[in-house]
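Listed below are the residues making up each chain.
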Amino acid sequence: MKAMYHGHSVVSIETNGGVKLLIDPFINRNPLTDLKVDEVNPDVILVTHAHGDHLGDTVEIAKRTNALVVSTVEIVNYLASLGVERVHGLQPGGAFAFDFATIKLTQAIHGSSIEIDGLPYTLGLATGIMIKADNQTIYHVGDTALFSDLKLIGELNHIDLAFIPIGDNYTMGPEDALLAAEWLKAKTVVPIHYNTMKEIEQDPHAFINQLKDSKGIVAKLGEPIDF
Ligand code: NI
Ligand code: MN
């Protein structure tokens, strides 16, 4: 697989077979991203949870491209009600072997609400996303607190590349993210979910310099990650 980071939690992946995946496409209101909503052409959109900085522009992109949207049952049912035609719902712990990759949702300790007419509605649980294809494993941890089952996830999977939030305030911060990286035993770690807004300002270089067993990369936007 090839993987690229696009600011906040936006990640794109391309399988060796040429299938394009786009995770958490928060683009229009993302001050950091290199992407444009009108220009992305994913085959599959993966959404970790319903917050606006993750669900982002999924509806617009899915309607234009007819991409398959994979997320929790609650989120994909909501998207289907808005006219998104191709969806596949999972729940944490559940995997499905698509022809392009096996996708598994994992636990995340975090909310998953959307705001409709100023009121919050929760759409199921927040998740992380594990992607296995081409004999490689990529883990997008999503938005989450540190939790000790990350150790188990690290033992049960050979994680080649992990995207780990470091922003603090809404997710784990750098200190907890260092533990997460250690527990996941990820070969390569890319910090995400930082510097998009004031509350989550962090120094990603200071973070990767403290990683013990993983190779840390501060990913340049839109450039292939060497993992
Ligand atoms: Ni969130
Ligand atoms: Mn978030």
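Everything numeric in this text was worked out from a predicted model, so none of it was measured.

## Points about the overall build of the chain
Part 1: Helix and strand counts for the chain come out as 6 helices and 15 strands.
Part 2: By the compact-globule yardstick of 17 Å for 227 residues, the chain fits well, its C-alpha radius of gyration being 16 Å.
Part 3: Taken over 227 residues, the chain has a buried fraction of 52%.
Part 4: By sequence separation, contacts in the chain at least 24 residues apart represent 57% of the contacts at least 6 residues apart.
Part 5: For the chain, the computed accessible surface area is about 10100 Å², with 48% contributed by carbon and sulfur atoms.
Part 6: Averaging the coordinates of the 16 positive side-chain charges in the chain and doing the same for the 29 negative ones gives two points 5 Å apart.

## Observations concerning the environment of I200
Part 1: Considering the arrangement of structural elements, one finds I200 in the loop between strand 14 (188–192) and helix 6 (204–209).
Part 2: For I200, a relative accessible area of 0% corresponds to the buried category.
Part 3: For the pair formed by I200 and L90, sequence separation is 110 residues and the distance between their alpha carbons is 29 Å.
Part 4: Non-local contacts of I200, meaning those with residues more than four positions away in its chain, are made with H8, G167, D168, N169, Y170, H193, Y194 and N195.

## Things to note about the pairing of strand 14
Part 1: In terms of residue burial, strand 14 counts as a mostly covered element, since 5 of its 5 residues are buried.
Part 2: The alternating pattern of strand 14 places T188, V190 and I192 and V189 and P191 on opposite faces, both of which are buried.
Part 3: In the sheet, strand 13 (residues 161–165) pairs with strand 14 via 5 bridges, with the strands oriented parallel. Across the sheet, the residue bridging to I164 is P191, located in strand 14.
Part 4: Handedness of the crossover is the feature at issue here: the chain leaves strand 13, passes through helix 5 (residues 174–184), returns alongside strand 14, and the resulting connection is right-handed.
Part 5: Both strand 14 and strand 15 (residues 215–216) contribute to a ladder of 2 bridges, which runs parallel.

## Considerations on the coordination of the nickel ion (ligand 1)
Part 1: For the nickel ion (ligand 1), the full set of protein donor atoms is H49 (NE2), H51 (ND1), H110 (NE2) and D143 (OD), and the range of their distances to it is 2.1 to 2.3 Å.
Part 2: In terms of primary sequence, the donors binding the nickel ion (ligand 1) are separated according to H-x1-H-x58-H-x32-D.
Part 3: Separating the nickel ion (ligand 1) and the manganese ion (ligand 2) is a distance of 3.1 Å, and D143 donates to both of them. On the criterion of sequence distance, the pair formed by H49 in the loop between strand 4 (44–46) and helix 1 (52–55) and H110 in the loop between strand 8 (102–107) and strand 9 (113–116) is long-range, its members being 61 residues apart.
Part 4: Residue H110 is classed as partly exposed on the basis of its relative accessible area, which comes to 23%.

## Considering the sheet that holds strand 4
Part 1: Within the open sheet, the 6 strands sit side by side as 1-2-3-4-5-6. Their pairing is mixed. A strand with exactly one partner marks an edge of an open sheet, and here the two such strands are strand 1 (2–5) and strand 6 (87–90). Averaged over neighbouring strand pairs, the angle between their axes works out to 20 degrees when direction is ignored.
Part 2: In this sheet, strand 2 (residues 11–14) lies alongside strand 1 in antiparallel orientation, the contact comprising 4 bridges. Its bridge partner lying in strand 2, K2 is registered against E14.

## Let's talk about the packing of helix 4 (residues 149–156) against helix 5
When two helices pack together, their arrangement is given by the angle between the helix axes and by the axis-to-axis distance.
Part 1: Where helix 4 meets helix 5, the closest approach of the two axes is 7 Å, and the angle between their N-to-C directions is 30 degrees. Every residue of helix 5 that contacts helix 4 at L150, K151, I153 and G154 is listed here: A180, W183 and L184.
Part 2: For the contact of helix 4 with helix 5, the residue count by class is 5 nonpolar, 1 polar and 1 charged.

Cut-off values and rules
- Every residue gets a number counted from 1 within its own chain, in the order that chain's sequence is written.
- Think of it this way: whatever chain is written first is A, whatever ligand is written first is 1, and the rest follow in order.
- Local features in this predicted model are restricted to residues whose pLDDT is 70 or higher, and side-chain atom pairs enter the listing and the counts only when it is 80 or higher, whereas totals over whole chains, interfaces and linings include all residues.
- Calculation of side-chain values draws on the structure's entire complement of heavy atoms; hydrogens and water are dropped beforehand.
- Put simply, DSSP marks the helices as runs of H or I at least four residues long and the strands as runs of E at least two long, and each gets a number from the N terminus on.
- Computation of the radius of gyration draws on C-alpha atoms, with the globule rule given as 2.2 Å multiplied by the number of residues to the power 0.38.
- The buried label applies to any residue whose accessible area, calculated with a 1.4 Å probe on protein chains only, is under 20% of its type's maximum; exposed applies above 50%, and partly exposed to all values in between.
- Any two residues whose heavy atoms approach within 4.5 Å at even a single point are treated as in contact.
- Reported accessibility uses the Shrake-Rupley method at a 1.4 Å probe radius. Residues are deemed covered only where the shown protein chains occlude them.
- Charge convention: Lys and Arg are scored as positive, Asp and Glu as negative, and His as well as the terminal groups of each chain are ignored.
- Charge positions are represented by NZ for Lys, CZ for Arg, CG for Asp and CD for Glu.
- Here, a strand pair is defined by DSSP locating no fewer than two bridges between the strands.
- The handedness rule is simple: strands pointing away from the viewer, and a clockwise path from the first strand over the helix to the second, make the crossover right-handed.
- Listed donor atoms are N, O and S within 2.8 Å of the metal (Na, K and Ca: 3.2 Å). As water is not included, a site may look incomplete.
- Fitting a line to C-alpha atoms yields each axis, with helices limited to the stretch in contact; the angle taken between N-to-C directions then spans 0 to 180 degrees.
- For this classification, the nonpolar set comprises Ala, Val, Leu, Ile, Met, Phe, Trp, Tyr, Cys and Pro, the charged set comprises Asp, Glu, Lys and Arg, and every other residue, Gly included, is treated as polar.

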